[in-house]
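Listed below are the residues making up each chain.
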Amino acid sequence: MSSILTSLGRTVLAGFVLTLLIVVLFGSNVGSPGWVAFLFRYLHVLSGVMWIGLLWYFNFVQIPSMPKIPDEQKPAIGRVIAPTALFWFRFAAMATVLTGIILAILNGYAHKAFTLQQPFLAIGLGMWIALIMAFNVWFIIWPNQKRALGIVVVDAELKAKSARTAMLTSRINTILSIPMLYLMVAQQNMGL
Ligand code: HEM
């Protein structure tokens, strides 16, 4: 057991094996029409949790903690923790978008949702908000973070400005995440 728990890769694999076991033992819908779409819904929620979990980690934990960390310890965050968190953050955002769009296509309402037609208004609005958030991640937060963390070397003034832009955009995404999640779950559950 400890050989599983001491490796992140084996720990994650164990989670998938356990899921598979549950499906094999209790899954009565496997292979039925719609099951592949369900599988994408599952992968979509998994990657969405990774994305929004990290967004909330940055906003609830890392950003508020920075002023309390002594200057000589700050590089541990900037050089080690933040780059790793940002790696999973942006690829989780990409996986969420891809699985979400595939899901909408498999469900047969991608066009109606993107054009905000009833009865797919809730998911359509959620998808547009989430797409804006993903755009922010890849094209505003990440380029600015690269300058802020010194991955791309710039002068001190631009570095400080980039850190602020990344932080404010991350805050915008935190605002958007709240209605976005409401809309995601509203579609199936009469929330709108
Ligand atoms: C551009 C990005 C996204 C797209 C295109 C997208 C698309 C979709 C679609 C098509 C559904 C199925 C709706 C239905 O018929 O019930 C869905 C459900 C859902 N999505 Fe997203 N989504 C995106 C981002 C996110 C994010 C960031 C999260 C965060 C966790 C998320 C969480 C969920 C949840 C929890 C459901 C509900 C599943 C259910 O009720 O069974 N989505 N999404």
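Residues numbered from 1 in each chain as written. Predicted model: local features only at pLDDT ≥ 70, side-chain atom pairs only at ≥ 80, totals over all residues.

Looking at helix H3 (residues 35–65)
- The terminal C-alpha atoms of H3, which comprises 31 residues, lie 43 Å apart, in line with the 45 Å expected from a rise of 1.5 Å per residue.
- The largest bend along H3 measures about 35° and falls at Phe-58.
- Within H3 the residues assigned to the buried category are Phe-40, His-44, Ser-47, Gly-48, Trp-51, Ile-52, Leu-54, Leu-55 and Phe-58.
- Those residues of H3 hidden inside the fold are in contact with helix H4 (74–106) and helix H7 (156–189). (Helix = DSSP H or I, 4+ residues; strand = E, 2+ residues; numbered from the N terminus. Expected span 1.5 Å × (residues − 1). Bend = angle between axes of the 7 residues up to and from the residue. Buried ≥ 20, exposed ≤ 12 C-beta atoms within 10 Å, placed from the backbone. Contact = placed C-beta atoms within 7 Å.)

Section: the environment of Pro-64
- Assignment of secondary structure puts Pro-64 in helix H3.
- Overall, the presence of 10 C-beta atoms within 10 Å leaves Pro-64 in the exposed class.
- With 70 residues separating them in the primary sequence, Pro-64 and Ala-134 have C-alpha atoms 23 Å apart.

Structural notes on the site of the ligand
- Close to the ligand lie 24 residues, the nearest being Gly-48, Gly-100, Ala-104, Ala-130 and Met-184.
- Among the elements of the structure, H3, H4, helix H6 (121–148) and H7 are those that each provide at least two residues to the shell around the ligand.
- The biggest single contributor to the shell around the ligand is H3, with seven residues.
- Tallied by class, the residues present in the shell around the ligand amount to 16 nonpolar, seven polar and one charged. (Near = placed C-beta within 6 Å. Nonpolar A, V, L, I, M, F, W, Y, C, P; charged D, E, K, R; others polar.)

Quick word on the domain arrangement of the protein
- Examined at the domain level, the protein breaks down into domain 1 (1–30) and domain 2 (31–189).
- Each of domain 1 and domain 2 has a C-alpha centre, and these two points are 26 Å apart. (Domains from an automatic or database assignment.)

Overview of the nonpolar core
- Counting 29 residues, the largest nonpolar core has Trp-51, Phe-89 and Leu-183 as the members making the most contacts within it.
- Counting residues per element, the ones that place at least two in this core are H3, H4, H6 and H7.
- Here this core takes 10 residues from H6, the largest share from any one element.
- Discounting chain neighbours no more than four positions away, the residues touching Phe-89 are Trp-51, Leu-54, Leu-55 and Val-137. (Core = buried A, V, L, I, M, F, W, Y, C linked by C-beta atoms within 7 Å.)

Overview of H4
- Between the first and last C-alpha of H4 there are 46 Å, a value that for 33 residues agrees with the 48 Å anticipated at 1.5 Å per step.
- Buried residues in H4 make contact with H3, helix H5 (110–114) and H6.
- Immediately beyond the C-terminal end of H4, within one or two residues, lies Gly-108, with a positive phi of roughly 80°.

Examining the environment of Lys-159
- In this fold, Lys-159 is placed in helix H7.
- By the C-beta count within 10 Å, which is 17 here, Lys-159 ends up partly exposed.
- Spatially, the C-alpha atom of Lys-159 lies 43 Å from that of Leu-106, the residues being 53 residues apart in sequence.
- Beyond its immediate chain neighbours, meaning those up to four positions away, Lys-159 contacts Arg-147, Ala-148 and Val-154.

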